[in-house]
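Summary of structural features
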Amino acid sequence: MSGSSFGKVFKVTTFGESHCHGVGCIVDGVPPRLALTEEDIQPQLTRRRPGQSALSTPRDEADKVILMSGTEFGRTLGTPIGIMVRNKDQRPNDYGSVRTQPRPSHADYTYQLKYGIHASSGGGRSSARETIGRVAAGAIAEKWLKTRFNTEIVAWVSSVGDESLAEGEVDMDTVTREDVDATVPIRCASKAAMKRLSTVIEVARDDHDSIGGTVTCVCRNVPVGLGEPCFDKLEALLAHAMLSIPATKGFEIGSGFDGTKQRGSAHNDPYVKKGDRLGTSTNRSGGIQGGISNGEPIYFKVAFKPPATIGKEQHTATYTGDDDVMSAKGRHDPCVVNRAISIVESMAALVLADSAMQQLAREASMPITAEAPYLSFPEVPAKAGAAAAGAAVAESSPAKRSAETDAASDAKRAK
């Protein structure tokens, strides 16, 4: 089945359906000698597992991860890593009606049209059980990013239905996963908003209905230069990753749709000196400009629709076209955002790890010298004009450094 793999250098392929024997993934491109055990992966799987509270599906799965290959004595071997999580609480008989009638807003009908067959128990590959492989692979990507760049990725619930966190209620510069998990079961990172957001889900659940919401994510300490213009811009890859998650319906980065209401003079991010590099005094760009990371925190928001399976009776039709009424069975979430946190974080980690490895390969192939390291710009006098600044940048350009390196090599061979 094409479409089950993600990434180019750091590549994950997921497998499994919602009610088969198990789900998992194969992760290729993980560097060798990275410290890695099941304990590095399990916490994120535990954060997304079902049955955590009355606000989620009662399906009881431990989601215990098993590392099948690619590691030895707690270190990666540089070979493909196989990961397996067994399904223990399957109830395929809850879905007998799916064989004769497609569920409203589910993937039953479209899978049947595309493949001529579909998994009749649960959602098959369209089920959120598939995301277990993504989360496991994302935990590995995140471990490498943390080790290599000290990258931090934190997501939280920012709205449920019509109830949203107030602007600035969560500080994107300092929020941690501990802050998010301190607000279980809603995971909104704001204790003041816990009851307000949880109540919206409880009301929908008690009415045998469901509700949607949004998840916001921030990625800090992301290296400069990630993203491959024009078609693999970093925000495009993030949008691709997020909109591949089940139940997602929207994505915005930086100022997003609100930015369309501003003038350029108000929206632009001015450059300032931050330590030994340039940065921006504001971050409406969301840490990405021209499709390339600029070193500022990357932040974005993902919209999730109400879960399609609800307890209310719904009108539908049989596959032969006869009008029918369906009352869904099975165990399902009244809202998915509180369990989607680790999925969003993991997909962000997969994008950043894959992009970083591509950029590291590019940098390794560029001719450099100790005097002119990659992306090192000489100091420009504070009052220098544009011409002087332009000349300084030209002096440090890759082409200039390449010519100098070639000349030095020629002189060395001549001796």
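Remember, predicted model here, so these are calculated numbers, not experimental data. (Residues numbered from 1 in each chain as written. Predicted model: local features only at pLDDT ≥ 70, side-chain atom pairs only at ≥ 80, totals over all residues. Heavy atoms only, no water.)

**Details of the packing of helix 1 (residues 38–48) against helix 3 (residues 131–149)**
Close contact between helix 1 and helix 3 brings their axes to 9 Å; oriented N to C, the two are set at 140°. The angle between helix 1 and helix 3 falls in the class oblique. The handedness of the crossing between helix 1 and helix 3 is right-handed. Between helix 1, through Asp40, Ile41, Gln44, Leu45 and Arg48, and helix 3, the contact on the second element is made entirely by Thr131, Ile132, Val135, Ala136, Ala139, Ile140, Glu142 and Lys143. A per-class count over the contact of helix 1 with helix 3 returns 7 nonpolar, 2 polar and 4 charged. (Axes fitted to C-alpha atoms, helices over the stretch in contact; angles between N-to-C directions. Helix = DSSP H or I, 4+ residues; strand = E, 2+ residues; numbered from the N terminus. Parallel < 35°, antiparallel > 145°, perpendicular 65-115°, else oblique. Left-handed = near helix turned anticlockwise from the far one by under 90°. Contact = heavy atoms within 4.5 Å. Nonpolar A, V, L, I, M, F, W, Y, C, P; charged D, E, K, R; others polar.)

**Describing the confidence of the model for the chain**
For the chain, the average pLDDT comes to 87, and 83% of its residues sit at 70 or higher. With pLDDT under 50 throughout, residues 374–406 is counted as low confidence; its partners more than four residues away or in other chains account for 24 contacts. (pLDDT = per-residue confidence, 0-100.)

**Concerning unusual backbone geometry**
The peptide bond linking Val184 to Pro185 adopts the cis configuration, its omega dihedral lying at 15°. Mapped onto the secondary structure, Pro185 falls in the loop between helix 4 (177–181) and helix 5 (194–206). Going from Pro229 to Cys230, the amide bond is cis rather than trans, its omega being 15°. The topology assignment puts Cys230 in the loop between strand 10 (213–220) and helix 6 (234–243). Positive phi, close to 60°, is recorded for Asn221, a residue that is not glycine.

**What to know about the pairing of strand 18 (residues 323–327)**
Across 5 bridges, strand 17 (residues 313–317) lies against strand 18 in antiparallel orientation. Directly across from His315, in strand 18, lies its bridge partner Val325. In textbook terms, the turn of a hairpin is the stretch between consecutive antiparallel strands, and for strand 17 and strand 18 this stretch comprises 5 residues, one of which, Gly321, has a positive phi near 100°. (Pairing = 2+ DSSP bridges.)

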